Amino acid sequence: MHLTNKFVLAAAVAVVTLAATSAEAQRVRWKLHSAWGSSVPHLGTSAVRYSENIDRMTGGDFTMKFFEPGALIPANEGFDATSKGSIEAAWTTAGYDVGKYPALAFFTAVPFGPTMGEYFAWKKFGGGDVLEQEIYGQHNVKKIDCFAIGPETSGWFKNEINDLEQMRGLKMRFFGLGARVMQKLGVSTQLLAGGDIFPALEKGVIDATEFSMPAMDIKYGFYQIAKYNYFPGWHQQVSVSHLLINMDKWNGLPEKYKAIVEIAAGESIHYTFAETEYVNPSAMTEMGEKYGVITKRWTDAQIGTFEKAWLEVMEEDSKTDPLFKKVADSYLAFRKVYSKWGNAQALKPTYLD
């Protein structure tokens, strides 16, 4: 072979080898732990869909393989696992991490809180996300909001609640800041993962529960034990969850993959919120007609009692927890600014035939 041809061939081989090496370097395989099972509407299915979207947008070069709760770690332990790097990412919610920082509850749902628009305005532009990332950043974790759902129900009870005094002494699964409100009313609360609630109800470990919304609660079968379902979801008018990522893994991602992760999460927020608002009217009908669920609404006076207790919780916890106060002050300050716009646009309810 001519010497020149040898050099050309060697150069071509080097280019092909370099390209192959470069392509291989761009292939990333991550484990995605989910706090909710793949069959749980919205919460779990959104994680499966997100995983598929990442794969689709990268042609399989970047995968975030979905793992059921318990397959890698227990359902609610995404924070510690991503912090330590034992998994790359977790599909979970800040409300499950309140044992470490009670203030984190503000970033999932706030009792008597804002609409989705106002909530995300605070989070994205009013300082909320900055505060949340400061907390997780101390533990080597990157957080990205990844889905949102609409209003929830506020409880499943075995008996009709005519007087809030009936709740005193009840053992109840309750989430986030709403749990603190229930505690002020004499309820003994505990936070259980979704899959653990039905067995706890069945065995009498708890007397009542809240979890999410009709489309999801049907899946868990709470109606088999507790027939009375109460509205409105004063404790969770909007609920936002997030993707937690080990910071070292995040920093090691190519920029194009970082962009895909972030943009796919934004699409997921839009999709899940619209999805929940679409399916829940028919799910409520199914609960009543098929499963005999008795839908009840708290009286205005009872809702007022919940709100009064919430304001007391916020004041009391702000006095004892500086971080809680810092987040609460940010949230309240933004709501005050927003109210000029929000009140100007608010419509009073009408009841037309």
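Residues numbered from 1 in each chain as written. Predicted model: local features only at pLDDT ≥ 70, side-chain atom pairs only at ≥ 80, totals over all residues. Heavy atoms only, no water.

Student: Is there a simple way to explain the side chain of Lys-143 in this structure?
Tutor: Structurally, Lys-143 is set in strand S4 (residues 141-149). Among the polar contacts listed, one links the side chain of Lys-143 to the side chain of Glu-132, at a separation of 3.2 Å. Within polar-contact distance, the side chain of Lys-143 engages the side chain of Asp-145 at 3.2 Å. Not counting the four nearest positions on each side in its chain, Lys-143 is found in contact with Lys-123, Asp-129, Glu-132, Gln-133, Tyr-136, His-242, Leu-243 and Leu-244. (Helix = DSSP H or I, 4+ residues; strand = E, 2+ residues; numbered from the N terminus. Polar contact = N/O pair within 3.5 Å; in protein donor to acceptor, adjacent residues only side chain to side chain. Contact = heavy atoms within 4.5 Å.)

Student: I tried to follow the pairing of strand S3 (residues 89-92) on my own but got confused; where do I start?
Tutor: A regular strand carries its side chains on alternate faces of the sheet. Side chains Ala-89 and Trp-91 project from S3 onto one buried face, and the interleaved Ala-90 and Thr-92 project onto a second face that is buried too. Sheet topology note: the S3/strand S10 (residues 239-246) ladder contains four bridges and is antiparallel. For Thr-92, the partnering residue across the bridge sits in S10 and is His-242. (Buried < 20%, exposed > 50% of the residue type's maximum accessible area, 1.4 Å probe, protein only. Pairing = 2+ DSSP bridges.)

Student: Looking at this structure, I do not really get the packing of helix H5 (residues 128-137) against helix H12 (residues 322-345). What am I missing?
Tutor: What describes two packed helices is the angle between their axes and the distance between those same axes. Where H5 meets H12, the axes come as close as 10 Å, and the angle between the chain directions of the two elements is 160 degrees. As summarised for this structure, H5 and H12 are arranged roughly antiparallel, according to the angle between their axes. Counting all contacts with H5, which are made through Leu-131, Glu-134 and Ile-135, the residues of H12 involved are Leu-323, Lys-326, Val-327 and Ser-330. Of the residues assigned to the contact of H5 with H12, the class counts are four nonpolar, one polar and two charged. (Axes fitted to C-alpha atoms, helices over the stretch in contact; angles between N-to-C directions. Parallel < 35°, antiparallel > 145°, perpendicular 65-115°, else oblique. Nonpolar A, V, L, I, M, F, W, Y, C, P; charged D, E, K, R; others polar.)

Student: Would you explain the packing of helix H2 (residues 43-57) against helix H10 (residues 255-291) in this entry?
Tutor: H10 packs onto H2 with a crossing angle of 140 degrees between their chain directions and a minimal axis gap of 10 Å. Taken together, H2 and H10 sit at an angle that is classed as oblique. The two elements H2 and H10 cross, and the hand of that crossing is right-handed. For the pair formed by H2 and H10, the contact residues are Ser-46, Arg-49, Tyr-50, Asn-53, Ile-54 and Met-57 on the first element and Ile-260, Val-261, Ala-264, Ala-265, Glu-267, Ser-268, Tyr-271 and Thr-272 on the second. Split by residue class, the contact of H2 with H10 holds eight nonpolar, four polar and two charged. (Left-handed = near helix turned anticlockwise from the far one by under 90°.)

Student: Whenever I open this one, the pattern of salt bridges confuses me. Can you help?
Tutor: Pairing between side chains of opposite charge can happen when their charged atoms approach one another. Tallied over the full model, the rule gives 25 salt bridges. A salt bridge links Asp-129 to Lys-123; the nearest nitrogen and oxygen atoms lie 3.6 Å apart. With respect to burial, Asp-129 and Lys-123 carry one shared label: buried. A salt bridge links Glu-134 to Lys-326, with the nearest nitrogen and oxygen atoms 3.5 Å apart. Linking Glu-134 in helix H5 with Lys-326 in helix H12, this pair joins segments that are 192 residues apart in sequence. For Glu-134, a relative accessible area of 38% corresponds to the partly exposed category. Lys-326 sits in the partly exposed class, given a relative accessible area of 44%. Salt bridges here are not isolated pairs; linked through shared partners, they connect Lys-123, Lys-124, Asp-129, Glu-132, Lys-143 and Asp-145. (Salt bridge = Lys/Arg side-chain N within 4 Å of Asp/Glu carboxyl O.)

Student: How should I be thinking about the nonpolar core in this particular structure?
Tutor: As a rule of thumb, soluble globular proteins bury nonpolar side chains together. Membership of the largest hydrophobic core comes to 55 residues, with the highest contact counts inside it found for Phe-106, Phe-157, Met-167 and Trp-298. Here this core takes six residues from helix H11 (residues 300-320), the largest share from any one element. What Trp-298 contacts, discounting residues up to four positions off in sequence, is Ser-154, Phe-157, Ile-161, Leu-164, Met-167, Tyr-230, Phe-231, Pro-232, Trp-234, Ile-303 and Phe-306. Counting 50 residues, the second-largest nonpolar core is a separate cluster that includes Phe-66, Ile-149, Ile-218 and Met-287. (Core = buried A, V, L, I, M, F, W, Y, C linked by side-chain atoms within 4.5 Å.)

Student: Explain the sheet that holds S10 here, please?
Tutor: Two modes of strand pairing occur in sheets, parallel and antiparallel, and in both the strands are linked by backbone hydrogen bonds. The strand order across the open sheet built from five strands is S2-S1-S3-S10-S4, with neighbouring strands paired in mixed fashion. On the outer flanks of this sheet lie strand S2 (62-67) and S4, each paired with one strand and no other. For this sheet, the mean inter-axis angle between neighbouring strands, taken without regard to orientation, is 25 degrees. Relative to S3, strand S1 (residues 28-34) runs parallel, the two being bridged by three bridges. Directly across from His-33, in S3, lies its bridge partner Ala-90. Where H2 meets the sheet, it contacts S1, S2, S3, S4 and S10, and its direction lies at approximately 160 degrees from that of S2. Its contacts with the sheet put helix H4 (residues 116-125) on S4 and S10, and the angle it makes with S4 is roughly 170 degrees.

Student: Quick question: what am I supposed to make of the packing of aromatic side chains here?
Tutor: Pairs of aromatic rings are described using the distance from one ring centre to the other and the angle between the two planes. Within the structure shown, the criterion is met by 27 aromatic pairs. Their ring planes at 5 degrees and their centres at 5.7 Å tell us that Phe-107 and Trp-122 sit as a pair that is stacked. Remark: Trp-122 occurs in helix H4 and Phe-107 occurs in the loop between S3 and H4; sequence separation between them is 15 residues. Trp-122 shares its class with Phe-107; the two are buried. What links up through ring pairs into an aromatic cluster is the set Phe-106, Phe-107, Tyr-119, Trp-122, Trp-310, Phe-324 and Tyr-331. Between the NZ or CZ atom of Lys-123 and the centre of the ring of Tyr-119, over which it lies, the distance is 5.8 Å. (Phe/Tyr/Trp six-rings, centres within 6.5 Å; stacked < 30°, edge-to-face > 60°. Lys NZ or Arg CZ within 6 Å of the ring centre and 35° of its normal.)

These figures capture arrangement, not role.
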